[in-house]
Amino acid sequence: MLSEKEVKMRIDKQQKKILVVLLLLCLITPVGIILPIFMNAGNAWGEWSAQTLKDLIGYVPQGLAKYSHVWKAPMADYTINTGARSVVHQSGFYIVSGIFGATLTYVVMLLISKLIVKNEE
Amino acid sequence: MHIPDGYLSPQTYIPLFGLFVTATAIGVKKVKKDISARNIPYLGMAAVFSFIIMMFNLPIPGGTTGHAVGSAVIAILFGPWAAMIAVSVALIIQALIFGDGGITAIGANCFNMAVFMPFVAYYTFKLFNNNSSKKRRVNFSAFISGYLSLVLASVLTAVEFGIQPLIASTADGRALYCPYDLSIAIPAMAIEHLLFFGIIEGIITAFIVGYFLRNDPGMIYAFRKGGKDENR
């Protein structure tokens, strides 16, 4: 049988390992923009911009035109500088966005969990 | 699978938002009862995992892109209700900060990927695995769970897209919102997820569940609930 302390140490070690893996995943997220460019793949189905949709069907649906600008995301498309066109630049911003988003998600989820979970066992 | 603003009519996104809020209210109660404090850091990591994995857009050469969601593995490890909250957090941050998925479509996107998908995944896993802890059986069940849940979630999303021309169009027959009907949306979404993205979700699910089966099987929610060790 493991003592409580040993169990806790094992859990800490496992959690550290997972955090490292998550960080590594953040660092390789540019795969998610480089592969589509390389393989000449476009948007996800149903996620076209109003302009792309106009090219596809010849017009922008009225309701879509009205709603598509209700929100301006501060880091739209996981970048902060849409002017940077080179893949290296895009990749850099993508990693920064990934790390920022991941950190924010972690903090928000921890806060919510701490508010909800009262079970100390 | 992140529906942008403008593709769904209010008649679609408002009811879906209502469903999502109702599910969340139930989920908060369930998680309070079900999850122990020692799992809190894991829940944070689960939400982060979902957030990051969705950034890996995978291409179909010359076609569209898509990605895994991570809902299936989170549902198996921490239960469908905890998965619902974790994936919702990731999706809402993606919508608000990164414009991935619309603001008006938050309820729809959360319902599809954070409510519907983890429940399909969890019960598919339970059904196929039938409380076995044999490695091959667990791996297989986890794969099917990830595969099927992503495919069905994509079909549900396609239905939401595809009913828009039926709900709202102008007098001259032009669509007001998503212009593609069910006969286009369902095959488009289903085929790419059946042939490619579903397989990726399945592999990720099997790989991670397999890791915890070797290293910390006691942590896996799907093994603790409804099995012979329920009250351990």
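Student: Account for the packing of helix 2 (residues 40–53) of chain B against helix 3 (residues 71–78) of chain B, with residues named and values stated.
Tutor: Residue and element names in this part refer to chain B. The N-to-C vectors of helix 2 and helix 3 enclose an angle of 165°; their axes lie 10 Å apart at closest approach. Here helix 2 is positioned roughly antiparallel relative to helix 3, judged by the angle of their axes. Considering the relative orientation of helix 2 and helix 3, their crossing is right-handed. Across the interface between the two elements, Y42, L43, A46 and S50 from helix 2 touch S71, I74 and F78 from helix 3. Split by residue class, the contact of helix 2 with helix 3 holds five nonpolar, two polar and no charged.

Student: Account for the nonpolar core, with residues named and values stated.
Tutor: Grouped burial of nonpolar side chains is what soluble globular proteins tend to show. If you look at the biggest cluster of nonpolar residues, it comprises 100 residues, and the most contacted ones within it are A47, I76, F78, A86 and V87 of chain B. When residues of this core are assigned to domains, at least three fall in each of domain 1 (1–39 + 75–121) and domain 2 (43–70) of chain A. In contact with A86 of chain B, other than residues within four places in its own chain, are M109 of chain A together with L43, A46, A47, S50 and I74 of chain B.

Student: Give me the lowdown on the confidence of the model for chain A, citing residues and values where you can.
Tutor: Averaged over all residues, the pLDDT of chain A is 88; the fraction at 70 or higher stands at 93%. Of all helices and strands in chain A, the one with the weakest mean pLDDT is helix 1 (residues 4–27) of chain A (89), whereas helix 5 (residues 87–116) of chain A scores best (94).

Student: Account for the environment of G66 of chain B, with residues named and values stated.
Tutor: Counting through the fold element by element, G66 of chain B comes out in strand 2 (residues 65–66). Residue G66 of chain B is classed as buried on the basis of its 28 C-beta neighbours within 10 Å. Residues G66 of chain B and Q11 of chain B lie 55 residues apart in sequence; the distance between their C-alpha atoms is 27 Å. Setting aside residues up to four positions removed in sequence, G66 of chain B forms contacts with A44 of chain A together with L58, E192, H193 and F197 of chain B.

Scoring rules and cut-offs
- Residues numbered from 1 in each chain as written.
- Chains lettered and ligands numbered in written order.
- Predicted model: local features only at pLDDT ≥ 70, side-chain atom pairs only at ≥ 80, totals over all residues.
- Axes fitted to C-alpha atoms, helices over the stretch in contact; angles between N-to-C directions.
- Helix = DSSP H or I, 4+ residues; strand = E, 2+ residues; numbered from the N terminus.
- Parallel < 35°, antiparallel > 145°, perpendicular 65-115°, else oblique.
- Left-handed = near helix turned anticlockwise from the far one by under 90°.
- Contact = placed C-beta atoms within 7 Å.
- Nonpolar A, V, L, I, M, F, W, Y, C, P; charged D, E, K, R; others polar.
- Core = buried A, V, L, I, M, F, W, Y, C linked by C-beta atoms within 7 Å.
- Buried ≥ 20, exposed ≤ 12 C-beta atoms within 10 Å, placed from the backbone.
- Domains from an automatic or database assignment.
- pLDDT = per-residue confidence, 0-100.

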